[in-house]
Every structure is written in C-alpha cells, then in structure tokens.
Amino acid sequence: MNSTEILDKDCLTAVKLLPTVIEVTSEERRMIKDAAVHLQKKYDTYENRDFIKHVHQLASYFLPERILNIAADFANDFSKNQYGALIFTGLMDIDQEDIGSTPPNWQSADYSKFNLYGFACALIHGALPSKPVQYYSQRKGGGLIHAIIPDERMKETQTGSGSSTDLYVHTEDAFLKHQADYLSFMYVRNEEQVPSTLYSIRSHESIGENYRPLFERIYKIPKDANLETGDSEEEALDSVLYGNYSLPFMRFDAAEQLFNSSIRQSDEAQSSLHEFWEEARHLIYSGFTPQAGDVILVNNHLCAHGRSAFRAGVRNIDGIEQPCERRIMLRMMSKVSLIDMRAHTLTEDPFFVIEEHLGKNFKHF
Ligand SMILES: [Fe+2]
C-alpha cells in the first residue's frame, strides 16, 4: 500500500492513503493480450455467456500469478489500509489506428473495436472473483461494457457523457441496493490528459461517533441524471455508511444527494450530509492521469470516483491548445453474488439487473 504523504494541490490537504499503483510488466502485458486473443478465437465476444460463466476459471488459468495474487488480496481486504482502488498501468497496448477517430457519442461506437479489451477487463473481474453484469438502469443494459465518450450535446450533465463540468465523486448507482461491487475503467485514450478523481472512505482519519448518524436510513438517494426522474421521487431512504461501524462501506453521490435541487433531505439528513461532505471534499485524490491501456479497478463500496471538468477534443501542450481525439473509456461492472440479487434480475438472465431504485424493480419487467 502506498502511504506516502502527498499534497493535494487543489485543496492543500495532506492525503495519506493512496490507491495502489501496479505497473504491469511487458511480460505480463503479453500474457494478458495472448489470453484475450485466444479467448476471442474461442468465444468470439466477451458477451458470450459461456465465457462469462467460466470467467473465474479462465482468469486463474490465463492471468499472470502476480496479478491474480493482487486481485485476491484486493477483494478480501476491507482494512483501514485498503483504499479501495487499484491502478494497473499499461495493462493492454491499445491499437489507436484500429480504434480510429472517436465517435460523436457512445450510441454510435463500434463495439467490435473494443472486443479484445472486453476480454481483458472481464478476466480482471473474474480474478477477484466477481461476475460481469449489466444494469437496466444504465443504458437499458447495453451490454457488459459501456464506452464512456464525451458527447457535445450532453457536456453539461452529471453523466459519463458530460465533460464541461466536474463530475462529482459518487459510488456507482448509489440509488440501488444491489449496485455494482466492483468497477473497472479501461482507458482507450485520454489525449486531453484528464485526471481521474477518487475518494476513499478509508481516507478519513477515523470513523468516530460523529459519523453514527450516517449509518441511519434517513437519506434520500435520487436516481441519477442518466434516468428521467418520474414526477414523484420515491421516498425510499437508506444510509450513507453501512457494514462495520469503524471500517464502513459507503453509498454516496455528492451531486444527487447534496446538490440536486429537486429533492429535499430532512434537516437532520441534510446537516449530517453537509458535515460529511465538508470533510470528504478535502480527501479527494486527483493525482493520477490515466494513459491509454491503463485500468482503474474500484471497490464500489469503499471508493467513489469522478473526474475534473475538461474540454473534449482539446489538449494543452506547453500552454498551446491543440485539437486531439476525444477521450474513450470502457466501464465494466460486476457482482460477487448472483444469488443475493436474484429478486432484481431478469427471470431468464441472472446477469441482467432490473432494480430501479432502492430495492424496487422497473415495473415493466
Ligand atoms: Fe460513475
């Protein structure tokens, strides 16, 4: 675990705990690529259910031993030293020419270009072990990988398609009981050099008595900006912290819970959230700028993510702005147990999550 004290320039606060950075060696990179090529020949696409069903065994068979050990440690460690995010640098070589120009939005992306990378990401989840799943609440499912691409028409939004405003830190799908356990973000390109932001609940010095109200189920957690909000925002409430009292897990979305003007928290909830955010916002880490081929793996119960505002398709070299290819990131989400969330998956497909909001499913299923 990296524990070097660094100075976060944005807020001049010392952040002691950092995500672990793993530099993937050229030999490991070759092994991962060979595995992906082999599996692509055998299964055709990472969506192939036979591949996903066997992903744990395949990960054990094909992934380098060091990566398997790191993944196993990560998945079983909720200690005070576990940040909840791993950064794998250089996990894959990305063929930029083959990817071609960045499409205008995720809807027009050619997913066949990402096939090999999908196999590599699935193996990393498989090693935890955790199973890649898809969520109806995100892109109506849309497959096991979502391409995150800045969309000019969506640039002001708090979604993956946004760019011109900061994307506040959030745990993914905080408004679901069965939110993803793990997330991976593979960077296909990030020519704009946008830093990622991460915020770990373990970055707080300690979780004392003053945090106890955050364990109470008194907080509204609205559905996020990806979903049209119905006229009656459900009154379902949940806690921000859960699990162990001194080393808790977290469900938190700053933009939706604190700054969404269309919902009103109770006075008690608002004041606890506000106090929490006042501390949390100084603990946000933005010291890592992902490069093509890097993967950030996140425990979605320990660590929130976001990104700074940026101008899509513009890079700055020595103070001079130049046009560049717009950013592309591939997101995969996974669950450790298909059994626990069975009440919220399709009858014929236990990998397809149909939860709409805090334990309630979409009506039309
Ligand atoms: Fe997100």
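As recorded by an unreviewed UniProt entry, the chain carries the name TauD/TfdA-like domain-containing protein and is attributed to Chryseobacterium sediminis.

## What about the packing of aromatic side chains?
Going through the model one piece at a time under the given rule, you end up with 19 aromatic pairs. Between Tyr-46 and Phe-119, the ring centres sit 6.4 Å apart and the planes meet at 85 degrees, which makes this aromatic pair edge-to-face. You can see Tyr-46 sitting in the loop between α1 (26–43) and α2 (49–53) and its partner Phe-119 sitting in helix α6 (residues 115–127), a full 73 residues away along the chain. Assigned by exposure class, Tyr-46 and Phe-119 land together as buried. Ring pairs connect the aromatic residues Tyr-168, Tyr-199, Tyr-211, Phe-252, Phe-259, Phe-276 and Trp-277, which therefore count as one cluster. The residue whose ring lies beneath Arg-212 is Tyr-245, and the NZ or CZ to ring-centre distance is 3.8 Å. We note Arg-327 situated over the ring of Phe-310; from NZ or CZ to the ring centre the distance is 5.5 Å.

## Thoughts on the coordination of the iron ion
Around the iron ion, the donor atoms from the protein are His-170 (NE2), Glu-172 (OE) and His-305 (NE2), and they sit 2.1 to 2.2 Å away. Sequence positions of the residues that donate to the iron ion give the spacing H-x1-E-x132-H. Both residues of the pair, His-170 and Glu-172, belong to the buried class.

## Observations regarding the sheet that holds strand β16 (residues 303–307)
As a general point, the strands of a sheet are linked pairwise by backbone hydrogen bonds and lie either parallel or antiparallel. The strand order across the open sheet built from 4 strands is β7-β16-β9-β14, with neighbouring strands paired in antiparallel fashion. Where the open sheet ends on each side, the last strands, each with one partner, are β7 (167–170) and β14 (285–288). Between one strand axis and the next, the sheet turns by 25 degrees as a mean value, whatever way the strands run. Relative to β14, strand β9 (residues 196–200) runs antiparallel, the two being bridged by 2 bridges. Bridge pairing in β14 links Leu-198 to Tyr-285.

## Describing the packing of α1 against α6
Running from N to C, α1 and α6 cross one another at 110 degrees; their axes reach a closest spacing of 9 Å. On the basis of their axis angle, the class for α1 and α6 is roughly perpendicular. The element α1 and its partner α6 pack so that their crossing is right-handed. Residues Ile-32, Ala-35, Ala-36, Val-37, Leu-39, Gln-40 and Tyr-43 of α1 pack against Asn-115, Leu-116, Phe-119, Ala-120 and Leu-123 of α6. Each residue belonging to the contact of α1 with α6 can be placed in one class, and the counts come to 10 nonpolar, 2 polar and no charged.

## Some points on the confidence of the model for the chain
Averaged over every residue, the pLDDT of the chain is 93; the share at 70 or more is 93%. Low pLDDT, under 50, characterises residues 1–13; the predicted model gives this stretch 33 contacts beyond four residues in sequence or across chains.

## Focus on the nonpolar core
Counting residues in each nonpolar core, the largest one holds 80 residues, and the members touching the most others are Phe-51, Phe-88 and Leu-91. Examining the composition of this core, we find that 9 residues originate from one element, α6, more than from any other. Each residue touching Phe-51, except ones within four places of it in the same chain, is listed here: Leu-39, Tyr-43, Tyr-46, Leu-58, Phe-119, Ala-122 and Leu-123.

## So, the environment of Ser-137
Assignment of secondary structure puts Ser-137 in the loop between β5 (131–135) and β6 (145–148). For Ser-137, a relative accessible area of 3% corresponds to the buried category. A sequence separation of 107 residues divides Ser-137 from Asn-244, and the C-alpha atoms of the two residues are 28 Å apart.

## Topic: unusual backbone geometry
Residue Pro-129 is reached from Leu-128 by a cis peptide bond, and omega for that bond is 0 degrees. Topologically, Pro-129 is positioned in the loop between α6 and β5. Although it is not a glycine, Asp-44 sits at a positive phi angle of roughly 75 degrees. One can find Asp-44 in the loop between α1 and α2. Look at Asp-173: it is not a glycine, yet its phi comes out positive at around 50 degrees. Checked against the element boundaries, Asp-173 lands in the loop between β7 and β8 (182–189).

## Things to note about a negative patch on the surface
On the surface, a cluster of negative charge is contributed by Asp-95, Glu-97, Asp-98 and Asp-110. You can see Asp-98 is positioned in helix α5 (residues 96–99).

## A closer look at the pattern of salt bridges
Under the counting rule described, the total for this entry stands at 19 salt bridges. The salt bridge involving Arg-217 is made with Asp-238; its shortest N-O contact spans 3.6 Å. Of this pair, Arg-217 sits in the loop between β9 and β10 (219–220) while Asp-238 sits in strand β11 (residues 237–238), and the two are 21 residues apart along the sequence. Since its relative accessible area comes to 58%, Arg-217 is described here as exposed. By relative accessible area, Asp-238 is classed as buried at 3%. The residue Arg-264 makes a salt bridge to Asp-267 at a minimum N-O spacing of 3.0 Å. As far as the burial class goes, Arg-264 and Asp-267 line up, both exposed. Counted as one network, the salt bridges with shared partners bring together Lys-177, Arg-217 and Asp-238.

Calculation rules
Residues numbered from 1 in each chain as written. Predicted model: local features only at pLDDT ≥ 70, side-chain atom pairs only at ≥ 80, totals over all residues. Heavy atoms only, no water. Phe/Tyr/Trp six-rings, centres within 6.5 Å; stacked < 30°, edge-to-face > 60°. Helix = DSSP H or I, 4+ residues; strand = E, 2+ residues; numbered from the N terminus. Buried < 20%, exposed > 50% of the residue type's maximum accessible area, 1.4 Å probe, protein only. Lys NZ or Arg CZ within 6 Å of the ring centre and 35° of its normal. Donors = N, O, S within 2.8 Å, 3.2 Å for Na, K, Ca; no water. Pairing = 2+ DSSP bridges. Axes fitted to C-alpha atoms, helices over the stretch in contact; angles between N-to-C directions. Parallel < 35°, antiparallel > 145°, perpendicular 65-115°, else oblique. Left-handed = near helix turned anticlockwise from the far one by under 90°. Contact = heavy atoms within 4.5 Å. Nonpolar A, V, L, I, M, F, W, Y, C, P; charged D, E, K, R; others polar. pLDDT = per-residue confidence, 0-100. Core = buried A, V, L, I, M, F, W, Y, C linked by side-chain atoms within 4.5 Å. Patch = residues over 30% accessible without salt bridge, like charges linked within 9 Å, V, L, I, M, F, W, Y side chains within 5 Å. Areas by Shrake-Rupley, 256 points an atom, 1.4 Å probe, with all protein chains shown as cover. Salt bridge = Lys/Arg side-chain N within 4 Å of Asp/Glu carboxyl O. Lys, Arg positive; Asp, Glu negative; His and termini not counted. Charge placed at Lys NZ, Arg CZ, Asp CG, Glu CD.

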